[in-house]
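# Structural overview for review
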Amino acid sequence: MGKRGGVFTGKTKLKFKRQDSDLALSYRLNDYFKVFCGIKYIGYSMISLNGSGLTNKHNGYGPGLGLSATFPIIGNLFLIGNVAGIYLWGKVKVTLPWTDKDAKYKEKGVNSTLQFAYYIEPVSTVISLGGRFQYIVTEYYDNDGMEDLFIANNKTKFYGITLTATYNFNI
C-alpha cells in the first residue's frame, strides 16, 4: 500500500469492530403487523494491520421508524420480518501517521431483518435466529479536509446472521 498526495492506494488488511444498539417502542396494528419507532446507535472502529498507522472511529445515533410483520408457522414458532428507515448524526475521527482529521456526518439508511422466532410463554421472551441487512448512505460535512484522505460521501452495507432475545411486556 502506498501513499499518494495524502491518499492511501492499494489494499490493506483491517481489524474491524462494530457496535449496534436499538431501543424501540412498538404499537400493534392487528394480529400480524406492528409499527415501531425508537433510537439507534451505530459505532465502529477500524485499525490497519499492516503498520500504516491508520485508525478510524465512527459513532452516530438518531431516530428510526419501521414496520414489523409476524406470521405464525406452528405452535409458538413464527416468521418475523422488519424494515425500518434510520437517520443518524455522528462524528468520525481518522488518524494517520502524518495527520488526524475529524468530521461530522449525517446518515440515512434502511435496516431490515428476517427471522424465525420461538416464543417462551412462561418468561414472556422471544428467541429469534435469522438474517439482517443494513444499507447506509453517509454524507460528511464540517470535514476539516477529509476529502484529502480517502473519505467521501459513501454507501455502506452490513449483513449477517443474528441471534436475539426479546422480553415483551404490556403497559
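Keep in mind the model is a prediction, meaning the values are calculated, not measured.

### A word on the overall build of the protein
Within the protein, the regular secondary structure consists of 0 helices and 9 strands. In the protein, the succession of α and β elements from N to C terminus is β-β-β-β-β-β-β-β-β. When the 171 residues of the protein are sorted by exposure, 30% land in the buried category. Contacts spanning at least 24 positions in sequence make up 61% of the contacts within the protein whose residues lie at least 6 apart.

### Topic: the pattern of salt bridges
Applying the stated criterion across every chain, the model contains 6 salt bridges. For Asp 20, the salt bridge identified is with Arg 18, shortest N-O distance 3.2 Å. The exposure class assigned to Asp 20 is partly exposed, which follows from its relative accessible area of 24%. Residue Asp 20 is joined to Arg 132 by a salt bridge in which the shortest nitrogen-to-oxygen separation is 3.2 Å.

### Details of the sheet that holds strand S5 (residues 55–74)
The antiparallel open sheet is built from 7 strands, whose spatial order is S3-S4-S5-S6-S7-S8-S9. Each edge of the open sheet carries a strand with a single partner, namely strand S3 (14–28) and strand S9 (154–167). Pairwise comparison of adjacent strand axes, ignoring direction, gives a mean angle of 20° for this sheet. Here 17 bridges tie strand S7 (residues 99–120) to strand S8 (residues 125–141), and the two strands are oriented antiparallel to one another. Across the sheet, Thr 113 pairs through a bridge with Arg 132, a residue of S8.

### As for the packing of aromatic side chains
As enumerated under the stated definition, the model contains 8 aromatic pairs in all. Aromatic rings pair up to connect Phe 16, Tyr 44 and Phe 158 into one cluster. Sitting over the ring of Phe 158, Arg 18 keeps its end group 3.8 Å from the ring centre.

### Considerations on the pairing of S8
The antiparallel hairpin formed by S7 and S8 contains 4 residues in its connecting segment, where Ser 124 sits at a positive phi of about 50°. Here S8 pairs with S9 via 14 bridges, running antiparallel. Residue Phe 133 lies in a different strand from S9, and its bridge partner there is Tyr 159.

### Digging into the pairing of strand S6 (residues 77–96)
Strand direction decides the pairing type here: S5 and S6, joined by 17 bridges, are antiparallel. Bridging from a neighbouring strand, Leu 67 pairs with Val 83 of S6. Hairpin connection from S5 to S6: 2 residues lie between these consecutive antiparallel strands, with Gly 75 at a positive phi of about 55°. Between S6 and S7, which pair antiparallel one after the other, the connecting turn spans 2 residues.

### What to know about the environment of Ile 73
With respect to the element layout, Ile 73 can be found in strand S5. Sequence spacing of Ile 73 and Ala 117 is 44 residues, and the spatial spacing of their C-alpha atoms is 9.7 Å. Other than its neighbours up to four places away in sequence, Ile 73 contacts Phe 78, Leu 79 and Phe 116.

### What about the environment of Phe 158?
The topology assignment puts Phe 158 in strand S9. Taking the C-alpha atoms as reference points, Phe 158 and Asn 111, separated by 47 residues in sequence, lie 9.3 Å from one another. Setting aside residues no more than four positions away along its own chain, Phe 158 makes contact with Phe 16, Arg 18, Tyr 44, Arg 132, Phe 133, Gln 134 and Ile 136.

### Side note on unusual backbone geometry
Although it is not a glycine, Ser 124 adopts a positive phi angle of roughly 50°. Considering the arrangement of structural elements, one finds Ser 124 in the loop between S7 and S8.

Scoring rules and cut-offs
Residues numbered from 1 in each chain as written. Predicted model: local features only at pLDDT ≥ 70, side-chain atom pairs only at ≥ 80, totals over all residues. Heavy atoms only, no water. Helix = DSSP H or I, 4+ residues; strand = E, 2+ residues; numbered from the N terminus. Buried < 20%, exposed > 50% of the residue type's maximum accessible area, 1.4 Å probe, protein only. Contact = heavy atoms within 4.5 Å. Salt bridge = Lys/Arg side-chain N within 4 Å of Asp/Glu carboxyl O. Pairing = 2+ DSSP bridges. Axes fitted to C-alpha atoms, helices over the stretch in contact; angles between N-to-C directions. Phe/Tyr/Trp six-rings, centres within 6.5 Å; stacked < 30°, edge-to-face > 60°. Lys NZ or Arg CZ within 6 Å of the ring centre and 35° of its normal.

Geometric values such as these leave the question of function open.
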